[in-house]
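A closer look at the structure
What follows is the residue order along each chain.
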Amino acid sequence: MPDQLPRKSKTPAQEAFETLAFCWGGLADAAFFGWQYNLPIVHPLVQQVNRALSPYTLPWLEKTFGHVNPTLGLLVNLAAVASILFVLSMTLIPILERLFIRDLIRRGEREGRKIEAVREKVQFKIEKKNHAR
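All of the points below concern the structure found in this document.

Definitions and cut-offs
- Residues numbered from 1 in each chain as written.
- Predicted model: local features only at pLDDT ≥ 70, side-chain atom pairs only at ≥ 80, totals over all residues.
- Heavy atoms only, no water.
- Helix = DSSP H or I, 4+ residues; strand = E, 2+ residues; numbered from the N terminus.
- Buried < 20%, exposed > 50% of the residue type's maximum accessible area, 1.4 Å probe, protein only.
- Contact = heavy atoms within 4.5 Å.
- Expected span 1.5 Å × (residues − 1).
- 1 Å grid on protein atoms, 1.4 Å probe; cavity = no way out; pocket = protein on both sides within 12 Å on 5 of 7 lines; lining within 4 Å.
- Points joined across faces, edges and corners; volume = space filled by probe spheres on them.
- Nonpolar A, V, L, I, M, F, W, Y, C, P; charged D, E, K, R; others polar.
- Patch = residues over 30% accessible without salt bridge, like charges linked within 9 Å, V, L, I, M, F, W, Y side chains within 5 Å.
- Areas by Shrake-Rupley, 256 points an atom, 1.4 Å probe, with all protein chains shown as cover.
- Salt bridge = Lys/Arg side-chain N within 4 Å of Asp/Glu carboxyl O.
- Lys, Arg positive; Asp, Glu negative; His and termini not counted.
- Charge placed at Lys NZ, Arg CZ, Asp CG, Glu CD.
- Phe/Tyr/Trp six-rings, centres within 6.5 Å; stacked < 30°, edge-to-face > 60°.

A few words now on the environment of Phe86. Position of Phe86 among the secondary structure elements: in helix H3 (residues 70-88). The class for Phe86 is buried, based on a relative accessible area of 17%. Every residue in contact with Phe86, bar those within four places of it in the chain, is listed here: Phe17, Leu20, Ala21 and Trp24.

So this is what it looks like as C-alpha cells:
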C-alpha cells in the first residue's frame, strides 16, 4: 500500500458549515422516517407542514413530472423546509466557528502540556545519566 499523505484538517468554518448541513439534513431524514413509521409527535407535525406547503409545491411538481406520488411531494416539502432552515442558520456559522476555534486551542494546549511533560522526563533521564558518570 503506497504511503498516504496526511489528511488536511478542516478549518473551523468548514466544520461549522458541515455541522449545520448535517443537522438540518438529519432533521429532514428524521422527520420523513418519523412520518413513515407514524411516530406520535412527528407524524402530525409533518402532516401539518406538508398541508401548509403542498399548495405551493404540488402544482410545480405536477407540471414538472405529471402525476405525483404524495410521498414525493412530502419529500420535496421536507427538503424545502430543511433548505430554508439551513440558509437562515448561516448566520450561526461565525458563532460555531468561534466554538470550534476555542476547541482547537484547548486541544492544542493539552497536547502542548503532554509534550512538555515528555520533554521534562527525557531531560531528567539525560541529567540522571550525566550525574552517574
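Following the structure, the description resumes.
A few words on helix H1 (residues 12-36). Between its first and last C-alpha, H1 extends 36 Å over 25 residues, near the 36 Å set by a 1.5 Å rise per residue. What H1 keeps buried is the set Pro12, Ala16, Leu20, Trp24, Ala28, Ala31, Phe32, Gly34 and Trp35. Positive backbone phi, approximately 55 degrees, marks Asn38, located one or two places after H1.

Right, let's talk about the layout of surface pockets for a bit. Here the largest pocket defines a volume of roughly 240 Å³. Around the largest pocket, the lining is made up of 13 residues, and of these Leu27, Ala31, Val46, Leu78 and Val81 lie nearest the centre. Going through the elements one at a time, H1, helix H2 (42-65) and H3 are the ones with two or more residues in the lining of the largest pocket. Along the lines of polarity and charge, the residues of the lining of the largest pocket split into 13 nonpolar, no polar and no charged.

Bringing a positive patch on the surface into the picture now. Side chains of Arg98, Arg102, Arg106 and Arg110 sit close together on the surface and give a patch of like positive charge. Relative to the assigned elements, Arg102 resides in helix H4 (residues 93-132). Classification of Arg102 as partly exposed rests on a relative accessible area of 42%.

Okay, unusual backbone geometry next. You will see that Asn38, though not glycine, has its phi angle at about 55 degrees, which is positive. Considering the arrangement of structural elements, one finds Asn38 in the loop between H1 and H2.

Inspection of every chain in the model, using the stated rule, returns four aromatic pairs. Ring plane angle 75 degrees and centroid distance 5.3 Å describe the contact between Phe17 and Phe86, whose orientation is recorded as edge-to-face. Of this pair, Phe17 sits in helix H1 while Phe86 sits in helix H3; the two residues are 69 residues apart in sequence, bridging distant segments of the chain. Classification of Phe17 as partly exposed rests on a relative accessible area of 38%. Summarising the aromatic geometry, the rings of Phe33 and Tyr37 are spaced 6.5 Å apart at their centres and angled 15 degrees between planes, so their arrangement reads as stacked. Note on Phe33: relative accessible area 45%, which makes it partly exposed. Ring pairing ties together the aromatic residues Phe32, Phe33, Trp35 and Tyr37, which thus form one cluster.

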